[in-house]
Amino acid sequence: MDFKFKDIPYERPSIDAFEKTIAELIERQQAAKSGEEQFEIHKEFYKLANDFDTAYNIAYIRHDADNTDEFYEKENDYFDEVIPRLSNATIKYNNVLAASPYKDFLETKLGPVFFKNAELDAKSVNDEVIPLMQEENALASRYDKLIATAKIEYEGETYNLSLMTPFTTNKDREVRKKAQKAVSDWFMSVTPEIDEIYDKMVKNRTEQAKLLGFSSYTELAYCRMHRNSYGPKDVENFRKQIKEYFVPFVGKLAEKRAKRLGLDKLQATELGVYFNEGNPKPTGTPEGILKSGQDMYSELSPETKEFMNFMMEHELFDVFGRKNKAAGGYQTYLANYKAPFIYANFNGTSGDVDVITHECGHAFQAYVVRDDEINEHNELGMETAEIHSMSMEYFTYGWMKNFFGDRFEDYFEMHIEDASTFLPYGTMVDEFQHIVYDNPEMTPAQRKETWKKLEQQYRPYIDFSENEFWNLGGFWQKQLHIFDVPFYYIDYVLASIVAMQFKVWMDEDYKEAWEHYLALCKLSASDYYTNMLKKVGLKTPFEDGVVKEIVDKFSAKIF
């Protein structure tokens, strides 16, 4: 198929037509006389779902590409309204398959995970909560727009949050202090609005949970996240291990970094800074980074070469920073074109290279399984999806000289420190959300106080006194996952622990580790998360001793 993303036509899909067709498919499924007949009907559902999903993703990308584009803003508002209806209609359809007398046959086609997820979905939505879900989407869009259109005055110019990063991580401490104050002042100016948005979100989500018969939103979120092979108790035990082993390990890394920077203790001002001479930066132009990425993937493996050539040929990247472009970075998938798409905001920092490794890890996995006709095999849980991306960051270490020149070893040191430092933070985000949704009546001030207390447990090695807003316990307000995809963040931490297992493995036998990584990519979501890890020779993060083993291996190399 010959196409370029910019030329792909867009037409708004009709939710009324979608619901009407779903109702017809349900009738036909209920009248079907065999599993084979049901599966043929199900292929029609794939076509319907792929059409809608492709249109949604095109609109989503183009809206993010320019938050001032009125046409795609209207499309975004439309999808905020209709996605809950789409979810509800899809769940009703899936319930019919889940209750099929030919379930045994369908399970041989769709896999056992689909049926477990259908069971979770059936508990997760009904007609009564759709207005609340629509309101929740509108609140998320309101937060996203507030962050995306931030106007931060600095040195006579106006920047958004992403474009402030080169200043907040500048090698000159006075520059980054001044820049971070500008960011902090902006957050101070909008925190009443963010507090209001989040307060409404928490109460909305809690009301959804109560209407659906759950005791708290946490239970509902675990269902919606398709946590089909582990639960809150497993995650709680995992958090305990992070506190016990990773927090002290990261404390030692923080001491090492503070000493490198000539400080007694790591300050909030240095959160994103690793070297006095500044963090290693890519040596080339933004276009050069993409070209170096193409060269790297050409050498890594035949599969990655084919993938990256496809991405470049079809212009499936929007990664250059611009004003009015939404913050963040992600990979999404255009089902009708069998094409991954990568969105990001290059800003001249090492994060630009991380896009070429992390987001390409997601995209590579999607590309590897693009010809699988069973959609359900590719409905990845986030704890699985993030393994593909985080592991790719390590598998590409051998090419970092191409991006960072003679500072490639500094990049390694920074990357390992950054990956390790993230684990306590990501776990803290998860515990914060558990506390918030267990206590939905907390005031905004109490939420900030809760965050401050968690900082003492998870990040006691950082002094926040130099940043007014962070010092007040407001750091979480810049974490969009807390607003847009609640409870997602722990998936990064779980995946990071698995990726670190791959790192240990590739240090011992790179070829063998890559073969098992490729096998995991191909498994996609065809089995339960815990089963798939075991199939490719990995341990689940919940097992006692796994976190300690990684800390021991990393410590032996670093200290």
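Residues numbered from 1 in each chain as written. Predicted model: local features only at pLDDT ≥ 70, side-chain atom pairs only at ≥ 80, totals over all residues. Heavy atoms only, no water.

Student: Honestly, the sheet that holds strand E5 (residues 330–334) in this entry has me stumped. Any pointers?
Tutor: Paired through their backbone hydrogen bonds, the strands of a sheet run either parallel or antiparallel. With respect to topology, three strands assemble into an open sheet ordered E4-E6-E5, the strand pairing being mixed. At either end of the open sheet lies a strand with only one pairing partner, and these are strand E4 (317–320) and E5. Strand-to-strand, the axes of this sheet are offset by a mean angle of 15°, without reference to chain direction. Summarising the sheet, E5 and strand E6 (residues 339–346) pair through five bridges and their orientation is antiparallel. Considered in E6, the bridge of Tyr330 is made with Tyr343. (Pairing = 2+ DSSP bridges. Helix = DSSP H or I, 4+ residues; strand = E, 2+ residues; numbered from the N terminus. Axes fitted to C-alpha atoms, helices over the stretch in contact; angles between N-to-C directions.)

Student: It is not clear to me how the packing of helix H2 (residues 35–65) against helix H3 (residues 70–98) should be interpreted in this structure. Could you clarify?
Tutor: For any two helices packed against each other, one specifies the inter-axial angle together with the distance between the axes. At a minimum axis separation of 10 Å, H2 and H3 run at an interaxial angle of 160°. Classified by the angle between their axes, H2 and H3 sit roughly antiparallel to one another. Once H2 is placed against H3, the crossing between them reads as left-handed. Between H2 and H3, the contacting residues are Gln38, Ile41, His42, Phe45, Phe52, Ala55, Tyr56, Ala59, Arg62 and His63 on the first element and Tyr72, Glu73, Glu75, Asn76, Phe79, Val82, Ile83, Leu86, Thr90, Tyr93 and Leu97 on the second. Of the residues assigned to the contact of H2 with H3, the class counts are 13 nonpolar, five polar and three charged. (Parallel < 35°, antiparallel > 145°, perpendicular 65-115°, else oblique. Left-handed = near helix turned anticlockwise from the far one by under 90°. Contact = heavy atoms within 4.5 Å. Nonpolar A, V, L, I, M, F, W, Y, C, P; charged D, E, K, R; others polar.)

Student: Please clarify how the state of the cysteines should be interpreted in this entry.
Tutor: Each disulfide consists of a covalent bond between the sulfur atoms of two cysteine residues. All chains considered together, the criterion is met by zero disulfides. Cysteine Cys521 is unpaired, with the sulfur of Cys360 as its nearest cysteine sulfur at 13 Å. On the basis of relative accessibility, which here comes to 0%, the residue Cys521 falls in the buried class. (Disulfide = S-S within 2.5 Å. Buried < 20%, exposed > 50% of the residue type's maximum accessible area, 1.4 Å probe, protein only.)

Student: Could you clarify how one ought to interpret the pairing of E6 in this entry?
Tutor: When a strand is regular, its side chains alternate between the sheet's two faces. With eight of eight residues buried, E6 lies mostly within the body of the structure. The alternating pattern of E6 places Ala339, Phe341, Tyr343 and Asn345 and Pro340, Ile342, Ala344 and Phe346 on opposite faces, both of which are buried. Between the antiparallel neighbours E5 and E6 lie four residues, among them Lys338 with a positive phi of about 50°.

Student: How should helix H1 (residues 15–31) be read in this particular structure?
Tutor: Residues three or four positions apart in an α-helix share a direction because the helix packs 3.6 residues into each turn. Taking 1.5 Å per residue as the helical rise, H1 with its 17 residues ought to reach 24 Å, and the 24 Å between its terminal C-alpha atoms agrees with that figure. Considered for burial, the residues of H1 that qualify are Ile15, Phe18, Ile22, Leu25, Ile26 and Gln29. Projected down its long axis, H1 carries its buried residues within an arc of 105°, all on one side. Summarising the geometry of H1, the exposed residues directed more than 90 degrees from the buried face are Asp16, Lys20 and Glu27. You can read the cap of H1 off the contacts: a side-chain oxygen lies 3.3 Å from the backbone nitrogen of Asp16, and it is on Ser14. (Expected span 1.5 Å × (residues − 1). Arc of directions from axis to C-beta. Polar contact = N/O pair within 3.5 Å; in protein donor to acceptor, adjacent residues only side chain to side chain.)

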